[in-house]
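Below are the chains, spelled out letter by letter.
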Amino acid sequence: MSEIITRRAFLSNMWVWGAGLMGAAGAWTSWDLLQPIDTGGFGGQIRGAPVDAVPTDAEVLTIPGARAYLTTINGEITALYWKCTHLGCRVPWCDTSGQFECPCHGSVFNRAGDYRAGPAPRGLDRFPIEIQDGIVLIDTSTIIEGPPPGGEVIDEPPKGPPCVEEA
Ligand code: FES
């Protein structure tokens, strides 16, 4: 015995199904939005660059999202925090001298981030890195304090004129 569905009953059922679907979609969207996500922002793990892109010569690669520089020191990729250890200014890389030179009060750091001159109390701080599938990941949630003055690990004297003139 077959049941005959009237047009009114059919439409009424469709409204119920439609409302149910709308509710489910809204619930899914809300649940999805409330999930913790890895934003990849500063303070977390940042995709730095492919390993091949990290300079192996006397250069650095800027990773703005991590506020860091990647370079290779004695065969090891190193991530240096660009924040000056004196009063926190951003320390840019100077192409002509091959050093980091702070524009605020003149602290200078070599390519390994080691202290060379100025009022900074230590070398540039570092971030731990991890390599996954050929990509350097920079962990900006952990800051490793830079080394005290007097322990340069590379011997790279300035290769040319500074970007920041001494006061
Ligand atoms: Fe860099 Fe003062 S903030 S030397």
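See the structure printed just above.
Structure report, in brief. (Residues numbered from 1 in each chain as written. Predicted model: local features only at pLDDT ≥ 70, side-chain atom pairs only at ≥ 80, totals over all residues. Heavy atoms only, no water.)

## Looking at the overall build of the protein
Working step 1: On a plain count of helices and strands, the protein comes out with one helix and eleven strands.
Working step 2: From first element to last, N terminus to C terminus, the protein shows the α and β order α-β-β-β-β-β-β-β-β-β-β-β.
Working step 3: Split into buried and exposed, the 167 residues of the protein put 32% on the buried side.
Working step 4: The long-range fraction of contacts in the protein, counting pairs at least 24 apart against all pairs at least 6 apart in sequence, stands at 51%.
Working step 5: Summing over all exposed atoms, the protein offers an accessible surface of approximately 10,500 Å²; the carbon and sulfur share of this is 58%. (Helix = DSSP H or I, 4+ residues; strand = E, 2+ residues; numbered from the N terminus. Buried < 20%, exposed > 50% of the residue type's maximum accessible area, 1.4 Å probe, protein only. Contact = heavy atoms within 4.5 Å. Areas by Shrake-Rupley, 256 points an atom, 1.4 Å probe, with all protein chains shown as cover.)

## Some details on the side chain of glutamine 99
Working step 1: Along the chain, glutamine 99 turns up in strand E6 (residues 99–101).
Working step 2: In terms of polar contacts, glutamine 99 uses its side chain to reach the side chain of arginine 116, at 2.8 Å.
Working step 3: For glutamine 99, the contacting residues outside a window of four places in its chain are Pro92, Trp93, Cys94, Val108, Phe109, Arg116 and Pro158. (Polar contact = N/O pair within 3.5 Å; in protein donor to acceptor, adjacent residues only side chain to side chain.)

## Brief notes about the sheet that holds strand E4 (residues 76–81)
Working step 1: Judged by pairing direction, the sheet is antiparallel, and its four strands sit side by side in the order E2-E3-E4-E9 without closing on themselves. Only two strands of the sheet have a single neighbouring strand rather than two, namely strand E2 (61–63) and strand E9 (126–127). (Pairing = 2+ DSSP bridges.)

## Examining the side chain of arginine 111
Working step 1: Looking at where arginine 111 falls in the secondary structure, it is placed in the loop between strand E7 (108–109) and strand E8 (115–117).
Working step 2: Since its relative accessible area comes to 5%, arginine 111 is described here as buried.
Working step 3: Polar contacts involving the side chain of arginine 111 include one to the side chain of threonine 71, which spans 2.7 Å.

## Looking at the sheet that holds strand E1 (residues 45–50)
Backbone hydrogen bonds are what pair the strands of a sheet, in a parallel or an antiparallel way.
Working step 1: Across the sheet, three strands lie side by side as E1-E11-E10; this open sheet has antiparallel pairing. On the outer flanks of this sheet lie E1 and strand E10 (129–132), each paired with one strand and no other. On average, adjacent strands in this sheet sit at an angle of 30° to one another, irrespective of strand direction.
Working step 2: Examined bridge by bridge, E10 and strand E11 (residues 135–139) share four bridges and lie antiparallel to one another. (Axes fitted to C-alpha atoms, helices over the stretch in contact; angles between N-to-C directions.)

## Digging into the packing of aromatic side chains
Working step 1: The tally for this structure, following the rule as stated, stands at six aromatic pairs.
Working step 2: With 6.2 Å between their ring centres and 75° between their planes, phenylalanine 42 and phenylalanine 127 make a pair best called edge-to-face. Of this pair, phenylalanine 42 sits in the loop between helix H1 (7–33) and E1 while phenylalanine 127 sits in strand E9, and the two are 85 residues apart along the sequence.
Working step 3: With relative accessibility at 29%, the residue phenylalanine 42 sits in the partly exposed group.
Working step 4: Judged by relative accessible area, phenylalanine 127 falls into the buried class, the value being 3%.
Working step 5: Geometrically, the ring pair formed by tyrosine 81 and phenylalanine 127 is tilted, given 4.9 Å between the ring centres and 45° between the ring planes. (Phe/Tyr/Trp six-rings, centres within 6.5 Å; stacked < 30°, edge-to-face > 60°.)

Keep in mind these numbers describe shape, not what the thing actually does.
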